[in-house]
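# A structural walkthrough
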Amino acid sequence: MREAIKPPSPVASAIASVAGRLSEVGIERPRAEAEALVRAVSGVSRESVLLHPDRRLSADQLSQLEALTARRAAREPLPYLLGEVEFYSLPFRVSPSAIVPRPETEILVEAAIERARAAGARRAIEVGTGCGAIAVALAQHLPQVRVTATDVSFPALLLARENCRRHKVGRRVSLICADLLAGVRGPADCILANLPYVRTDEFEQLEPEVRDFEPRAALDGGADGLGHIRRLCVQVFDHLADGGFAALEVGAGQASEAAKLLGAGRLSRIEVIADHAGIDRVVIGWRRE
Ligand code: GLN
């Protein structure tokens, strides 16, 4: 005798119906996002969703799910709805006070960790820390290093502070409200920056998630996108120890100009590293006397 087909179960059908709504509005991974939203309202783990698909959601959970689904369908970024994102295998709290850490920025962190470790670095500066992801990842992987992280946005620094505490690196990461390196004491063995680099004329073409919900000041790099990077390149030499390096994340097509700017800022041995999509994403220069 054939086993009776089970009727669609509550969690499973909630996921299916949310996924359907998200797919209608063109969200790229509707199923995965629907699962994430259901997990967020029900507080159950990934495994438990799979093992107990017939678990019931309460009326309250269903109405929360309804509200989150409507916001996501209106293109609010998923990490803002969940309040969290993973970066460099660590969970970070995120909010509209800062942009959501991107996977390509892991290339910047990886390259910097490798070089800082080889150079026996003790002091790092991160410029424009946002939610603090780069500074925390650096501090976590380099226990010898003290990090100074700056941002012009005070709300971003409050978020960064939360992330530092969460990962128990608060004592080794100092957060400073500053424009680039203004007022920051050197010398450091490395300076990292993922500054705003989107060209102003590209801004309107960004995905709605980015354009309509992330803080514009953290993305817009002016007419050629390099406005902040250009100002920083003038400052880095004086904040680096001899043998130290500066590592910058840049946008598609900006690496060669950024390399020139680092060179004009008296750094040498310029390196360019591509991301997984083959885009030159990180530019590094060294201070050599
Ligand atoms: N990579 C981001 C984007 O695609 C831009 C990040 C930045 O400006 N630093 O929107």
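Going by the structure above, here's the rest.
Structure report, in brief. Everything numeric here is computed off the predicted structure, so don't read it as measured data.

## Observations concerning the site of the ligand
- In the vicinity of the ligand, the contacting residues are Arg-102, Glu-104, Asn-194, Leu-195, Pro-196, Tyr-197, Val-210, Ala-218 and Leu-219.
- The separation between a nitrogen atom of the ligand and a polar main-chain atom of Leu-195 is 2.8 Å.
- When the ligand is considered free in solution it has 300 Å² of accessible area, and contact with the protein chains removes 87% of it.

## Notes on the pattern of salt bridges
- One pass over the full model with this rule turns up 21 salt bridges.
- Across the salt bridge formed by Glu-271 and Arg-115, the nearest N and O atoms sit 2.7 Å from each other. You can see Glu-271 sitting in strand E8 (residues 268-274) and its partner Arg-115 sitting in helix H6 (residues 105-118), a full 156 residues away along the chain.
- By relative accessible area, Arg-115 is classed as buried at 16%.
- Notably, a salt bridge pairs Asp-201 with Arg-199, separated by 3.0 Å at the nearest N-O pair.
- Classification of Asp-201 as exposed rests on a relative accessible area of 51%.
- What makes Arg-199 partly exposed here is its relative accessible area of 33%.
- A cluster of three or more residues bridged by salt bridges with shared partners is formed by Glu-33, Arg-72, Arg-75 and Glu-209.

## Let's talk about the packing of aromatic side chains
- What the rule picks out here adds up to 3 aromatic pairs.
- Pairing Phe-87 with Phe-92 gives two aromatic rings, centres 6.2 Å apart and planes at 65 degrees, and the pair type is edge-to-face. Across the pair, exposure class does not vary: Phe-87 and Phe-92 are buried alike.
- Three or more aromatic residues joined by ring pairs make a cluster, and in this case those are Phe-87, Tyr-88 and Phe-92.
- The cationic tip of Arg-269 hangs over the ring face of Trp-286; the distance from NZ or CZ to the ring centre is 4.6 Å.
- Over the ring of Phe-237 we find Arg-287, and its NZ or CZ is 3.9 Å from the ring centre.

## A look at the sheet that holds strand E3 (residues 123-127)
- Read across the sheet, 7 strands follow the order E5-E4-E3-E6-E7-E9-E8 without closing on themselves; strand pairing throughout is mixed. Edge positions in the open sheet fall to strand E5 (173-177) and E8, since each of these has one partner strand only. Within the sheet, the average angular offset between the axes of one strand and its neighbour, ignoring direction, is 15 degrees.
- The pairing of strand E6 (residues 188-193) with strand E7 (residues 240-249) spans 5 bridges and is parallel. Bridge assignment links Leu-192 to a residue of E7, and that residue is Ala-247.
- Contacts from H6 reach E6, E7, E8 and strand E9 (280-286), with the element oriented near 165 degrees to E7.

Cut-offs used in this document
- Going along each chain's sequence as written, the residues are numbered from 1 onward.
- Where totals are concerned, whole chains, interfaces and linings use all residues; where local detail is concerned, this predicted model gives features only for residues with pLDDT of at least 70, and gives and counts side-chain atom pairs only at 80 or more.
- Note that water and hydrogens are dropped before the side-chain values are worked out from all heavy atoms of the structure.
- Proximity is defined per residue: any heavy atom of the residue falling within 4 Å of a molecule or strand makes that residue near it.
- Counted as a polar contact is a pair of N or O atoms within 3.5 Å, where, for protein atoms, one must be capable of donating a hydrogen and the other of accepting one, and residues adjacent in sequence contribute only when both atoms are in side chains.
- What sets the accessible areas is the Shrake-Rupley method with a 1.4 Å probe; for residues, cover comes only from the shown protein chains.
- Note on definitions: salt bridges are taken to be side-chain nitrogens of Lys or Arg within 4 Å of carboxyl oxygens of Asp or Glu.
- Starting at the N terminus, helices and strands are each numbered in turn, a helix being any DSSP run of H or I of at least four residues and a strand any DSSP run of E of at least two.
- Only protein chains enter the area calculation, which uses a 1.4 Å probe; residues under 20% of their type maximum are buried, those over 50% are exposed, and those in between are partly exposed.
- Any Phe, Tyr or Trp ring, taking Trp's six-membered ring, that has another such ring centre within 6.5 Å forms a pair; planes under 30 degrees apart are called stacked, those over 60 apart edge-to-face, and the others tilted.
- Note on criteria: charge over ring means Lys NZ or Arg CZ within 6 Å of the ring centre, with the direction from the centre no more than 35 degrees off the ring normal.
- Any two strands with at least two DSSP bridges between them are considered paired.
- Only the contacting stretch of a helix is used when fitting its axis, a line to C-alpha atoms as for every element, and angles between N-to-C directions run 0 to 180 degrees.
- Any pair of residues with heavy atoms lying within 4.5 Å of one another is described as a contacting pair.

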